[in-house]
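One-letter residues, chain by chain:
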Amino acid sequence: MNYVSHPLIRQESIEERRYQLSITLRALDANTMVVLPTGLGKTAVALLVAASRLLSHPGRVLMLAPTKPLVEQHLRFFKQFLLSQDGSEPEESYFAMFTGDTPPDERAAAWEACRICFATPQVIKNDCLAGRYSLADVVLLVVDECHRAVGNYAYVFLAQHYCTTANKPLLLAMTASPGGDQAKVQEVCENLHIEAVETRVETDEDVRPYIHERDIQYIDIYLPEELQAALVALRGLVESRLTKLAKLNFRVPKPDKLTIKALNGLNAQIQQRIRSRDPSAFIAASLHAECMKLRHAISLTETQGSEALKLYLARLGAEGASSAGSKASKRLVSDPVYRNLVEESGRWKEELHPKVSIVCELVRTQLAEHPDSRIIVFATYRDTVQTLVDAISATGIACERFVGQASRDAERGLTQKEQIEILTRFREGEFKCLIATSVGEEGLDVPSTDMVIFYEAVPSEIRSIQRKGRTGRSGSGTIVVLVTKGTSDEAFRYVSQTRERAMVMGIKKMSAAPDPAPAPSIPAATKQMNFEEFASQGPAITVDDRETSSRVAVRLHELGAAITIERLEFGDYAIGDRILVERKTSQDFMDTLVERDLFGQIKAMAEVVPRPILIIEGEDLYTVRNIHPNAVRGTLAAITVDMGVTLLFTRDADDTAEMLYVLAQREGSERGERKVHPKKSYRSAREEQEYALAAFPNIGLRSARLLLEHFGSLKAIIDADPEELASVRGIGEKTAQGIWDLARRPYR
């Protein structure tokens with residue numbers, strides 16, 4: 001075996017593969033997208049490119065991956081093979097890992113000390129927006145799972161920011177599956193400023209020697225009579241809803257063609273008529289919601305099994321019985337046909353779908369014949385994952401679930417730390433079978449996995465390729481796809497196969513182009529300011545850290561605002577010490593009004609600053625939900641008149657950002673003398689007392705009220721000792737000392 005020879009790579013550690021070296025040479029010349037099937041060494045290519053850039057250019061390498069387990073995996077790989085500039089063992093500070101768990105101050109210090117940083121994109125985006133450090137000296141940006149670089153995902157902002165601020169930018173994008181939609185692939189290339197595409201498939205001559213045989217098997221399964229009867233009932237419920245929609249003059253799909261695409265088309269018709277104030281459209285919106293729920297129930301029945309269906313019916317029943325439940329849920333659970341289905345499902349004492357027993361048998365047989373095997377079972381839904389874990393564990397085979405972080409009331413997700421620990425134990429052989437949702441599809445580093453089972457076919461070519469790539473990496477592997485006959489399983493099987501072929505052909509054409517289109521040039525007039533200019537210019541705005549995923553924060557950065565990112569107790573944006581801004585889209589505003597405590601949220605913000613502002617962004621409020629216009633007007637009147645909150649309306653996120661920028665400019669300007677208190681024509685005696693005390697440092701209206709309620713008068717507060725002041729709930733020692741000092745300080 002031949003090994004790569006490089007001054008910064010450990011001797012005889014990386015196998016020399018011709019296609020990897022060829023891709024590396026191309027990637028060193030221009031911003032490149034590398035498309036390689038899982039297991040062919042995308043990370044090795046990144047290592048070779050990074051080592052070459054570090055050898056020839058002073059600066060840093062930044063490698064991004066969408067999840068903490070992937071970031072940790074890349075860090076472990078680079079530490080294993082990379083040497084420092086003088087060929088010695090790198091110091092600990094040479095590498096840095098940034099995730100949401102790393103405090104901002106620690107990130108800034110680690111950035112200055114490291115040569116290679118591994119991070120999740122949102123963390124780096126937040127740091128760039130806040131100006132914590134500069135990407136000017138980053139000589140290579142590696143973007144893993146780059147097919148995510150669409151819409152408002154952090155990769156899009158970071159690629160633009162990097163290419164406009166780095167002194168010597170070079171970008172390497174990597175994916176196993178960019179997708180079969182050529183328009184989307186082109187969008188990814190444009191968003192990442194890609195100039196060249198390098199791809200290989202398993203049949204390429206220079207790749208074939210490194211490919212291990214993968215046996216793909218499709219197992220046909222037939223639904224039992226009980227589940228067929230459940231399908232008949234669910235389809236009847238769908239048909240009755242579609243009939244009602246047709247009577248309201250909507251174009252509806254046939255019941256057996258109820259795809260997500262068809263339902264989205266129906267929703268577009270409904271939204272158009274809502275905007276034209278058609279009362280029947282609100283009824284249609286609720287019927288559409290029922291159809292969405294029923295379609296999901298049908299999918300569970302066809303592809304997941306009786307236990308998954310029973311759990312979903314139970315959740316729908318709880319939602320329908322709740323006072324906060326939607327009208328769609330309440331109507332659906334009161335339908336006699338639906339009730340009969342729930343009654344019938346209550347008589348099912350065991351899992352009826354044959355998939356569960358087939359998976360158990362496949363796992364048992366594989367481990368009996370090959371005891372050292374690693375097996376991954378992929379299922380779409382968490383309920384199914386748990387059902388499989390219980391069923392396989394009951395056979396005496398140790399297995400564990402692998403799911404994402406989000407949690408429901410009944411089931412806790414896994415933290416990223418727990419995900420990393422599970423993968424480590426799986427890799428080391430502590431258990432042989434992993435049951436995973438889609439969170440296990442991207443970048444799972446388990447080289448010895450030799451069987452992958454698809455509990456259901458998936459229509460996405462990206463997900464299908466990623467799942468298949470979990471096996472056949474270091475030896476032969478088997479892929480088993482369970483297909484329920486006469487259901488969406490069959491359709492999805494052929495859809496994903498067609499899309500995979502289209503993707504391969506499309507990428508081949510792109511990579512074969514003799515002169516790939518250059519990345520969009522950035523005119524000098526629109527170049528972003530350098531780091532020092534950016535930090536010293538522009539009005540200051542504090543952005544709540546939960547708002548950084550929005551387009552607003554990015555647009556503020558583009559405008560040149562000096563952004564600080566922190567967790568705000570009230571509001572989404574703070575401007576100076578007088579202005580707090582709550583931003584709500586039209587949909588969010590109406591949803592909060594109906595389902596949550598809108599008035600409490602706005603009132604809390606209004607109590608802590610003299611200038612509270614509510615920005616409502618987007619479409620006409622009166623068309624969002626079926627609420628009488630006078631109720632909406634009453635809400636707006638209460639917010640402005642009763643709470644004293646300024647209402648501003650904007651078109652979209654960009655318009656909101658530009659409004660915030662102007663507000664910050666005005667607040668930060670020094671034209672004329674700033675009034676200490678805003679003018680108000682009338683205040684009650686109580687308000688005057690609150691207002692006078694609220695003018696003290698670190699005292700807002702809330703603290704002023706707490707103090708006045710406790711002491712009874714302004715004089716009693718002024719006369720109180722710091723210890724007495726600090727004894728009031730919500731008043732700290734520092735604030736108490738500040739009141740006492742200011743009240744006794746001589747005026748000069």
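Scroll up for the structure.
No experiment lies behind these values; they were computed from the predicted model shown.

Calculation criteria
- Each chain has its residues counted from 1, following the order in which its sequence is written.
- The predicted nature of this model means local features are confined to residues of pLDDT at least 70 and side-chain atom pairs, given and counted, to a pLDDT of 80 or more, with totals for whole chains, interfaces and linings taken over all residues.
- Note: side-chain values were computed over all heavy atoms of the structure, leaving out hydrogens and water.
- The convention used is that axes are lines fitted to C-alpha atoms, helices contributing only their stretch in contact, and that angles between N-to-C directions extend from 0 to 180 degrees.
- The numbering of helices and of strands both runs from the N terminus, where a helix is a DSSP run of H or I of at least 4 residues and a strand a run of E of at least 2.
- Angular relationships are summarised with four words: roughly parallel below 35 degrees, roughly antiparallel beyond 145, roughly perpendicular across 65 to 115, and oblique for the angles in between.
- Rotating anticlockwise by less than a right angle from the far helix to the near helix defines a left-handed crossing, while the corresponding clockwise rotation defines a right-handed one.
- We call two residues in contact when some of their heavy atoms are within 4.5 Å.
- Whether a residue is buried, partly exposed or exposed follows from its accessible area with a 1.4 Å probe, protein chains only, as a fraction of its type maximum: under 20%, in between, or over 50%, in that order.
- For two strands to be treated as a pair, DSSP must find no fewer than two bridges joining them.
- Classification used: nonpolar for Ala, Val, Leu, Ile, Met, Phe, Trp, Tyr, Cys and Pro, charged for Asp, Glu, Lys and Arg, polar for all others including Gly.

Colleague: Help me understand the packing of helix α3 (residues 68-81) against helix α16 (residues 416-427), please; the structure alone is not making it clear to me.
Modeller: The relative placement of two packed helices is expressed as an angle between their axes plus a distance between the axes. Following both chains from N to C, one finds α3 and α16 inclined at 55 degrees, their axes separated by 8 Å at the closest point. In terms of their interaxial angle, α3 and α16 are classed as oblique. In the crossing of α3 with α16, the sense of the turn from one axis to the other is right-handed. Counted together, K68, P69, E72 and R76 of α3 and Q416, Q419, I420 and R427 of α16 form the full contact between these two elements.

Colleague: Got a minute to help me understand the pairing of strand β1 (residues 32-35) in this structure?
Modeller: The side chains of a regular strand alternate, first on one face of the sheet and then on the other. Burial of the side chains of β1 extends over both faces: T32 and V34 are buried on one face and M33 and V35 on the other. With four bridges connecting them, β1 and strand β6 (residues 171-175) associate as parallel partners. In the sheet register, T32 faces β6, and the bridge partner there is L172. As judged from the four bridges shared by β1 and strand β7 (residues 196-199), these two strands associate in the parallel manner.

Colleague: Teacher, can you tell me more about the packing of helix α2 (residues 42-56) against α3 here?
Modeller: One way to put it is that α2 packs onto α3 with a least axis distance of 11 Å and a crossing angle of 55 degrees. Relative to α3, the element α2 lies oblique. Where α2 crosses over α3, the handedness of that crossing is right-handed. In this structure, α2 uses T43, A44, A46, L47 and A50 to contact α3, whose residues at the interface are H74, F77, F78 and F81. Taken together, the residues that form the contact of α2 with α3 break down as seven nonpolar, two polar and no charged.

Colleague: Can you walk me through helix α21 (residues 586-595) in this structure?
Modeller: Since the α-helix turns once every 3.6 residues, residues separated by three or four places project in the same direction. Among the residues making up α21, those that are buried are S586, F589, M590, D591 and T592. Packing partners of the buried residues in α21 comprise β17 (579-585), α22 (598-606), β18 (611-617) and α23 (629-642).

This is a description of form; function is not addressed.
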